[in-house]
Amino acid sequence: MTITKDIRYIGVNDHQVDLFEGQYVVPSGMSYNSYAIMDEKVAIFDTVDRNFTAQWLDNIRTVLDGRKPDYLIIQHMEPDHSANIANFLKEYPDTTVVSSAKAFTMMGNFFGADCAPNRLVVGEGSTLCLGAHTLTFVTAPMVHWPEVIVTYDALDKVLFSADGFGKFGALDVEQDWDDEARRYYIGIVGKYGPQVQALLKKAAGLEISKICPLHGPVLTENLGHYLNLYNLWSSYQPEEEGVVVAYTSVYGNTKAAAELLAKSLSDAGCSKVVVYDLARCDMAQAVADAFRYSKLVLATTTYNADIFPFMKEFIHHLTERSFQNRTVAFVENGTWAPTAAKCMAKMLEGSKNLTFANTTVKILSALSDNSKAQIAALAEELSK
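Everything quoted here is computed from the prediction, not taken from an experiment.

Now for the pairing of strand β12 (residues 134–139). As judged from the three bridges shared by strand β11 (residues 127–129) and β12, these two strands associate in the antiparallel manner. Note on β12: the bridge partner recorded for Leu-128 is Leu-135. The pairing of β12 with strand β13 (residues 149–153) spans five bridges and is antiparallel. Residue pairing in the sheet places Leu-135 in a bridge with Asp-153 of β13.

Structure below.
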């Protein structure tokens, strides 16, 4: 793939992976992106997952067409991007490895202290001239590891964004960018909103025509759309008005309450209502939608004087990623001593700028006229 006259795509698609990072379902696979700049000097950006060594090295040989690489730039040391550093240097031992000081420390941990004997340590504002192309390095600590750098090519106005602006899915599968990028961002980077905000401020001073991430497609059009989404996600603001109803149910009664609430919300005029059975859904998708929409209803049973495990896991995912700036409501169920609402509220105590609904629905085992009336009241409150 030719990105510009001098920049080539040399990455790979992975349709073998079922769980990315051991937890995220990726039915459309993953891409591990790598790039080459062909100038007076040749620079290779990042490596790929260890399962694709041969294919990646073949891609490099094809692009180089007999030339030797001068630089291997490592922006991020996570193994899906760094696993082939040693293999690359076996084939091209004279190459200078370019990375941050923290990355070289990690490199030693992964590959031994003698890895990368030819090295160039770069930091904020460091530059590297390849000929016509001058690269400027920008530090991006905790987006989403501490060693990360991103790179700006002034000639073609290309930002090599490391894991920023990435998404789930291989490049040979057509799918909506927003949904899979949101699930990727919230799941993997979501905890580090302030650090992403800092990087966006740095990027605002650059003229960018293309974004080359380490996962997902090269972004070439309507860049404002992607930048706006990243600004919303990293500042923990809702993308749109809507209600997520997330529930767990043992014998079907809490499920019935969640479904009745969803119908009541739709009848009351809520244009977007999304319902998740947390025991059966893709948890990462439910978490992503909780950040996408403005309101969240948590409905669960009392379980061992606490809450049902899948609900506890869900709320933990939210709080770990700094869930904030939303309206939250509770639906609790219990046969003799309902405590679920109190337990859920306690889990959210440290979350910022949450508005809690005035109506809490209490179910005693099964829906009754009283609990149905509470559901109607909650639907009316949330639909305003």
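Structure shown, so let's carry the discussion forward.
For the rest of this paragraph, the subject is the sheet that holds strand β9 (residues 96–99). One open sheet accounts for six strands, arranged β1-β6-β7-β8-β9-β10; its pairing is mixed. If you trace the sheet from one side to the other, it starts and ends with β1 (7–9) and β10 (119–121), each paired once. Averaged over all pairs of adjacent strands, the angle between strand axes in this sheet comes to 20°, irrespective of strand direction. Sheet analysis places β1 next to strand β6 (residues 35–38), joined by three bridges and oriented antiparallel. Paired with Ile-7 across the two strands is Ile-37, which belongs to β6.

Topologically, Pro-338 is positioned in the loop between β20 (327–333) and α11 (340–347). Residues Pro-338 and Ser-365, spaced 27 residues apart in sequence, show a C-alpha to C-alpha distance of 9.5 Å. In this view, Pro-338 contacts Thr-302, Glu-332, Asn-333, Lys-362 and Leu-364; residues no more than four positions away in its chain are not counted.

Here we take up helix α10 (residues 309–320). With 12 residues, α10 extends 16 Å between its outermost C-alpha atoms, agreeing within 8% with the 16 Å of an ideal straight helix rising 1.5 Å per residue. Buried-residue contacts for α10 involve β16 (240–247), α9 (283–292), β18 (293–303), β19 (306–307) and α11. The first or second residue beyond α10 is Ser-322, which carries a positive phi of 65°.

Here the focus is the packing of aromatic side chains. If you walk through the whole model with that rule in mind, you get 20 aromatic pairs. An angle of 75° between the planes, with centres 5.3 Å apart, marks the rings of Phe-168 and Tyr-184 as edge-to-face. With a gap of 16 residues between them, Phe-168 in the loop between β14 (158–160) and α5 (177–189) and Tyr-184 in helix α5 connect regions that are remote in the sequence. By the burial criterion, Phe-168 is buried, and Tyr-184 matches it. Seen in terms of ring centroids, Trp-177 and Trp-233 are 6.3 Å apart; in terms of plane orientation they differ by 10°. Their pairing is stacked. Of this pair, Trp-177 sits in helix α5 while Trp-233 sits in helix α7 (residues 223–234); the two residues are 56 residues apart in sequence, bridging distant segments of the chain. Judged by relative accessible area, which is 7%, Trp-177 ranks as buried.

Right, let's get into the sheet that holds β12. Read from one edge of the open sheet, five strands run β11-β12-β13-β14-β15, paired in mixed fashion. The sheet is open, and its two borders are formed by β11 and β15 (210–212), each paired with just one other strand. Strand-to-strand twist across the sheet, computed as the mean angle between neighbouring axes with direction ignored, equals 20°. Here β14 runs beside β15; their pairing, made up of three bridges, is parallel. The partner of Val-158 across the bridge, within β15, is Lys-210.

Scoring rules and cut-offs
- Residues numbered from 1 in each chain as written.
- Predicted model: local features only at pLDDT ≥ 70, side-chain atom pairs only at ≥ 80, totals over all residues.
- Heavy atoms only, no water.
- Pairing = 2+ DSSP bridges.
- Helix = DSSP H or I, 4+ residues; strand = E, 2+ residues; numbered from the N terminus.
- Axes fitted to C-alpha atoms, helices over the stretch in contact; angles between N-to-C directions.
- Contact = heavy atoms within 4.5 Å.
- Expected span 1.5 Å × (residues − 1).
- Phe/Tyr/Trp six-rings, centres within 6.5 Å; stacked < 30°, edge-to-face > 60°.
- Buried < 20%, exposed > 50% of the residue type's maximum accessible area, 1.4 Å probe, protein only.

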